[in-house]
Amino acid sequence: MTRTATPRQRDADARRADLRTRLTAPPFFSPALCARAAADVWSAQWLDARSLAARGRQRLASLLRFARTQVPLYRRLHRGLPPPSAVPLADLPVLRKVQVMADLGQSLADGAPDARAIEAFLADPAQIGAPLAGHYAVWTSSGSTGVPGVFVHDGNALAVYDALELLRFRGQSLRPLRGGPLLAAERYAMVAAIEGHFAGVATIERLRRNFPLLSPYVRAFSVLQPLPELVAALNRYRPTLLAAYPTAAELLADEQQAGRLRLALDELWCGGETLSPAARRRLRQVFGCRVREAYGASEFLSIGWPCRHDRLHVNADWVLLEGIDADGRPVPPGVPSQTTLLTNLANRVQPLIRYDLGDSITLLPGPCPCGSPMPAIEVHGRCDDVLAIAVRGGPAVKLMPLALATVLEDEARVSDFQLLQTRPQRLALRLGAAERARAGTARETLRAYLRRLALDHVTVDLDPAEPCRDPASGKLRRVVNALPAA
Ligand SMILES: [Zn+2]
């Protein structure tokens, strides 16, 4: 029987839930947790493939036991399935983002903050990188599959992600302590969408909160600002490590070549979009530094790390990836998958088990010359275009696909869209049927952004067609140069 709670009862319920969280959830930041996660990640380097797989199976069984008793979604989804230690991963049901987002509260462990608390937290930009209810990180993901996502991570998971970043991704690249402390030797800049609770910027803000001494050496820069302002800000900051989407990195390479940007980088990290071999060569040549590929998501921050042979290895002790075809069957090594299922072995507050990530990957055949038993993959990321539009009587401004997507997703709140440049001064916006009601807002938001870049003469048409996939690759490209070939 259900009862309608009075405000007083609701307050009491909220206080009890809060107390439960304080008593049972791992802390948002704890040196002990970080040390334990670091020791675990460190020790995994001596595991062979069999021991690595055994560790993964053990963690999966433990996660399943937890999820089936503590998380409403899995109590329902896994009802009647064999016990955790007896069921292969491939026999478990696939979880899709729409299922998670249809009822966010059902995907969270008992005692976690409810969907309303999460919504209020996300509505406040001052909370980016702060803990929700003192314990949890909350990240949103862009709607590259047409549905935006919300992901909650507990302190254990955060400690594991940080250990993987520091000991695997950074482990091979920590600059020698040349006559000074580490902090003074490196300055890290990330160029990204920073006007929202995205995993990248939220992680930077979390590290700045947890380690205040690090703050001057770790900074995020917005892709939404006009390029000359971004260039000036980077010149002032003088980073030694730069992380950016490949399209953003290429625009910055143009600036560096023209002498307006003057960076002396030790390393450039690229992720989020496909990094073609040609782009990698050019970036390496222009910046005179190593270019490394990063692979992470709002669902698991540090999925892979590039070894010294520039192969991307999956952190298979903490995250399981399965490349599958359109019928859900596993694809053999060497064949690109239709999508990828992710199982996060580190996070309990919102377990993701065989979660459809939407990415296409190829498992690379054979052992890697570096000797790591962790599987190596190639990620086939987004391939959106950079658009070039001339200001009145002046030079062309280049528009990064990430910036355009952020304006539409974060400011106009549409996620199922496609933006095409149909003429030199003309854009066409297509929206999915469910988002047509926001067409006017989306167009106005886009025009306001163009005005900020002195592109107020550009026309934005609303195209009644649905966003459509590229007939050759089958990919949905969201920002497309559709100018007739010259
Ligand atoms: Zn390797």
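Draft legend 1. Fine view of the packing of aromatic side chains. This model, assessed by the stated rule, comprises 8 aromatic pairs. Between Phe29 and Phe211, the aromatic rings sit 5.2 Å apart at their centres with planes inclined by 70°, giving edge-to-face as the arrangement. Taken together, the residues span a long stretch of sequence, with Phe29 in the loop between helix H1 (7-24) and helix H2 (31-43) and Phe211 in the loop between helix H9 (199-210) and strand E4 (218-222) at a distance of 182 residues. Look at Trp139 and Tyr161: their rings are 6.1 Å apart centre to centre, the planes differ by 40°, and that puts the pair in the tilted class. Placement of Trp139 in strand E1 (residues 137-141) and of Tyr161 in helix H7 (residues 155-169) is noted, with a sequence separation of 22 residues between them. Note that Arg59 overlies the ring of Trp318, its terminal NZ or CZ placed 3.6 Å from the centroid.

Draft legend 2. Focus on the environment of Gln425. Inspection of the secondary structure puts Gln425 in the loop between strand E17 (417-423) and strand E18 (426-431). Distance from Gln425 to Ala390, taken between C-alpha atoms, is 7.6 Å for residues 35 residues apart in sequence. In this structure Gln425 touches Ile389, Ala390, His457, Val458 and Thr459, once residues within four positions along its chain are discounted. Within the structure, the side chain of Gln425 is placed 2.8 Å from the side chain of His457, a separation counted as a polar contact.

Draft legend 3. Geometry of the sheet that holds strand E5 (residues 241-244). Ordered by their spatial adjacency, 5 strands build an open sheet running E4-E3-E5-E6-E7, and the pairing between neighbours is parallel. Either end of the sheet is taken by a strand with one partner, and the two such strands are E4 and strand E7 (290-293). Here the strands of the sheet are splayed against their neighbours by 20° on average, with no regard to which way each runs. The sheet contact formed by strand E3 (residues 188-192) and E4 spans 5 bridges and is parallel. Paired with Ala192 across the two strands is Ser222, which belongs to E4. The strands touched by helix H10 (residues 227-237) are E3, E4 and E5; relative to E4, the strand with the most contacts, the crossing angle is about 170°.

Criteria and cut-off values
Residues numbered from 1 in each chain as written. Predicted model: local features only at pLDDT ≥ 70, side-chain atom pairs only at ≥ 80, totals over all residues. Heavy atoms only, no water. Phe/Tyr/Trp six-rings, centres within 6.5 Å; stacked < 30°, edge-to-face > 60°. Helix = DSSP H or I, 4+ residues; strand = E, 2+ residues; numbered from the N terminus. Lys NZ or Arg CZ within 6 Å of the ring centre and 35° of its normal. Contact = heavy atoms within 4.5 Å. Polar contact = N/O pair within 3.5 Å; in protein donor to acceptor, adjacent residues only side chain to side chain. Pairing = 2+ DSSP bridges. Axes fitted to C-alpha atoms, helices over the stretch in contact; angles between N-to-C directions.

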